[in-house]
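Examination of the molecular architecture
This is what each chain is made of:
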Amino acid sequence: MIRIPVEASRNYEVLIERGLLDRAGTEVRAATRAGSAVLVAGENVWPLYGARVRRSLEEAGLRVLSFVIAPGESNKTLETYGSLLRFLSENRLTRSDVLIALGGGVTGDLTGFAAATYQRGIDFIQIPTTLLAMVDSSVGGKTAVDLPTGKNQVGAFWQPALVLCDPDTLRTLPEEEYRCGSAEVLKYGVLGNAVFFEELLRTPIREQEEHVIETCVTMKRDIVRQDEFDRGLRQLLNLGHSFGHAVEACSGFRVLHGQAVAIGMALIARAAAAKGICTPETRDAIVEGLRRTGLPTETEYPLAELAAAVSMDKKLSGSTMHLIVPVEVGRCETITVPLAAIPGWLRAGGVR
Ligand code: NAD
Ligand code: GLY
């Protein structure tokens, strides 16, 4: 078993092992004193893994309630969040109980935000079942729901009590969703680990899942330890996200998060090369790495529409925004640009 300790406002461990779902109860018992657990899962994930996790929790002596949500980003809303809170309250959950998110980033973000706010905060545990959630969203304590005006507009920093990654669950993940996770994995290589980036190009992620999850989680852990509340260094993890979120929003969330991040990384790599921040070779390595992983690198949304969507991003600070730009593979920088310059950046990224 791989154990990665995370130091933040709450310390916890990320455990990685095949078959871990069947030992969830023992690990939850060791991490919390909860009497009752509410297991939150999406409609796709519940029939695959719900009963196994439930059985394991019950065998460990927990009373288990389940709450199943409709899948997809379009359900990461205040409405779903409100129904979960009402469910907790109607079932008399208390601050000594625990919420458990079983699923991808949508389930994790939503459950985490409910945990952060229900009775001013109760424990929650992440059991990520997508590659994206294993390498990124389940770790670091960012929780949120979307508003019609933009993604993750309402949220809180609330660290989990434990993260359980069972890579066996990735076998049922649709190929397209797997590739979405691959975009976030490549992101780690570009932002801080050139050796890892090369490894990813040599060996498919499927053939080195534990190593990939461990490497990404360790990198994120090190960043979160230094900047849990996203005031500086942590913004590096948003590589590809500023323009990516805009693509996601323009598509009405038909373009999946990981696909959008891939497009965002390609746009910013092209723009960085056009502005002399990185070399054309660095740009090509990033764009080619994304393409070889089967990820999109272009967007057809027009410049004005994308620029308007970028201006809704919560990473804006007044009339400026932070952009994460690659200097070389393995090294990125955060730069602050006036909002008025965004159309120029998108044009340099190849948007027409
Ligand atoms: P997701 O949660 O929508 O899951 C993708 C799809 O796969 C869903 O339809 C889900 O039901 C299905 N699924 C999940 N696990 C499965 C499995 N093992 N087998 C079969 N189907 C399975 O998407 P995601 O890519 O995991 O997460 C994206 C979300 O994460 C976005 O809302 C994004 O904003 C958020 N996010 C948050 C953070 C953070 O730090 N909190 C970081 C990155 C992304
Ligand atoms: N995924 C971005 C972050 O956790 O900061």
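Whatever comes next refers back to the structure up there.
The present account deals with the structure reproduced in this document. (Residues numbered from 1 in each chain as written. Chains lettered and ligands numbered in written order. Predicted model: local features only at pLDDT ≥ 70, side-chain atom pairs only at ≥ 80, totals over all residues. Heavy atoms only, no water.)

**Quick word on the site of ligand 2**
Which entries qualify depends on this criterion: Here a residue is near a molecule or strand as soon as one of its heavy atoms is found within 4 Å of it. Polar contacts here mean pairs of N or O atoms no more than 3.5 Å apart (in protein, one a potential hydrogen donor and the other a potential acceptor; neighbouring residues in sequence count only if both atoms are side-chain atoms). Classification convention: Asp, Glu, Lys, Arg as charged; Ala, Val, Leu, Ile, Met, Phe, Trp, Tyr, Cys, Pro as nonpolar; all other residues, Gly among them, as polar.
Around ligand 2, the neighbouring residues are D136, K142, K220, R234, L237 and N238. Here K142 contributes a side-chain N or O atom positioned 2.8 Å from an oxygen atom of ligand 2. At 2.8 Å, a side-chain N or O of R234 approaches an oxygen atom of ligand 2. Each residue belonging to the shell around ligand 2 can be placed in one class, and the counts come to 1 nonpolar, 1 polar and 4 charged.

**Looking at the environment of R52**
Under the convention used in this document: Working definition: helices are DSSP H or I runs of at least four residues, strands are E runs of at least two. Numbering for both runs from the N terminus. Think of it in three bands: residues with accessible area under 20% of the maximum for their type are buried, residues over 50% are exposed, and the middle band is partly exposed, with areas taken using a 1.4 Å probe on protein chains only. By definition in these notes, contact holds between two residues if any of their heavy atoms fall within 4.5 Å.
Locating R52 in the fold gives a position in helix α2 (residues 46-59). R52 gets classed as partly exposed once you look at its relative accessible area, which sits at 26%. The contacts of R52, once residues within four sequence positions are left out, are L21, D22 and D166.

**Quick notes on empty space enclosed by the protein**
The condition that has to hold: Within this scheme a cavity is a closed region of a 1 Å grid, computed over the protein atoms alone, that accommodates a 1.4 Å probe without allowing it to escape, whereas a pocket is open but has protein on both sides within 12 Å along at least five of seven lines; lining residues each have an atom within 4 Å of a point. Grid points are joined across faces, edges and corners, and a volume is the space filled by probe spheres set on the points.
Enumeration over the complete set of coordinates arrives at 1 cavity of 30 Å³ or more. Roughly 50 Å³ of volume is contained in the largest cavity. Taken together, N238, L239, G240, H241, S242, F243, G264, I268, L323 and I324 make up the lining of the largest cavity. Where the lining of the largest cavity is concerned, the elements lending two or more residues are α9 (241-250), α10 (257-274) and β11 (320-328). Per-element accounting of the lining of the largest cavity gives the leading share, 3 residues, to α9. For the lining of the largest cavity, the residue count by class is 5 nonpolar, 5 polar and no charged.

**As for the sheet that holds strand β5 (residues 98-103)**
Put simply, the rule is: Here a strand pair is declared whenever DSSP counts at least two bridges between the two strands. Simply put, an axis is a line fit to the C-alpha atoms, just over the touching stretch for a helix, and the angle between two N-to-C directions goes from 0 to 180 degrees.
Here 7 strands make up an open sheet; going across it, the order is β1-β2-β9-β6-β5-β3-β4 and the pairing mixed. At either margin of the open sheet sits one strand with a lone partner, and together these are β1 (2-6) and β4 (63-69). Strand after strand, the sheet turns through a mean of 20° between neighbouring axes, direction not considered. Here strand β6 (residues 123-128) runs beside strand β9 (residues 162-165); their pairing, made up of 2 bridges, is parallel. For I125, the partnering residue across the bridge sits in β9 and is L162. Contacts from helix α3 (residues 78-90) reach β3 (36-42), β4 and β5, with the element oriented near 160° to β4. Against the sheet, helix α8 (residues 209-226) contacts β1, β2 (12-16) and β9, and its axis sits at roughly 10° relative to β1.

**Some thoughts on the pattern of salt bridges**
What counts here: What makes a salt bridge here is a side-chain nitrogen of Lys or Arg within 4 Å of a carboxyl oxygen of Asp or Glu, nothing more.
Counted according to the given criterion, the structure contains 30 salt bridges. Across the pair D146 and K76 runs a salt bridge whose closest N-O atoms are separated by 3.9 Å. A residue pair is termed long-range when its members are at least 10 positions apart, and D146 in strand β7 (residues 142-147) and K76 in the loop between β4 and α3 qualify at 70 residues. For K76, a relative accessible area of 2% puts it in the buried group. Measuring nitrogen to oxygen at the nearest pair gives 2.9 Å for the salt bridge that ties R283 to D284. We classify D284 as partly exposed; its relative accessible area is 41%. Overlapping salt bridges bring together E73, K76, D109, D146, K151 and E248 as one network.

**Regarding the state of the cysteines**
For the record, the criterion: When two cysteine sulfur atoms lie within 2.5 Å, the pair is treated as a disulfide.
The full count for this structure, using the stated rule, is 0 disulfides. C216 forms no disulfide, and the closest cysteine sulfur to it belongs to C165, at a distance of 11 Å. Classification of C216 by relative accessible area gives buried; the value is 0%. Sulfur of C250: no disulfide; nearest cysteine sulfur belongs to C180 and is 17 Å away. Classification of C250 by relative accessible area gives buried; the value is 18%.

**Regarding the site of ligand 1**
Counted only if it meets this: For the accessible areas, the method is Shrake-Rupley and the probe is 1.4 Å, while residue cover comes only from the protein chains on display.
Around ligand 1 sit 26 residues in total, of which E73, T129, T130, K151 and T172 are the nearest. The separation between an oxygen atom of ligand 1 and a polar side-chain atom of N44 is 3.0 Å. The contact in question runs from an oxygen atom of ligand 1 to an N or O atom on the side chain of K76, over 2.8 Å. In the complex, 90% of the free accessible area of ligand 1, which totals 870 Å², lies under the protein chains. Contributions of two or more residues to the shell around ligand 1 are made by α2, α4 (105-117), α5 (131-137) and β8 (150-157).

**As for the packing of aromatic side chains**
The cut-off we apply is this: Paired rings are identified among Phe, Tyr and Trp, the last through its six-membered ring, by centres lying within 6.5 Å, and are further divided according to the angle between planes into stacked (under 30 degrees), edge-to-face (over 60) and tilted (the rest). Two limits define a charge over a ring: the Lys NZ or Arg CZ must be within 6 Å of the ring centre, and within 35 degrees of the ring normal.
Taken as a whole, this structure holds 3 aromatic pairs when the rule is applied. An angle of 55° between the planes, with centres 5.1 Å apart, marks the rings of F67 and F87 as tilted. Note that F67 is positioned in strand β4 and F87 in helix α3, a separation of 20 residues in sequence. We classify F67 as buried; its relative accessible area is 13%. Of the residues examined, F87 reaches a relative accessible area of 17% and is grouped as buried. With a centroid separation of 5.2 Å and 85° between ring planes, the pair formed by F157 and F229 is classed as edge-to-face. With a gap of 72 residues between them, F157 in strand β8 and F229 in the loop between α8 and α9 connect regions that are remote in the sequence. Taking the ring centre of W345 as reference, the NZ or CZ of K275 above it sits at 4.7 Å.

Everything listed here is a matter of coordinates, which is why it stays silent on function.
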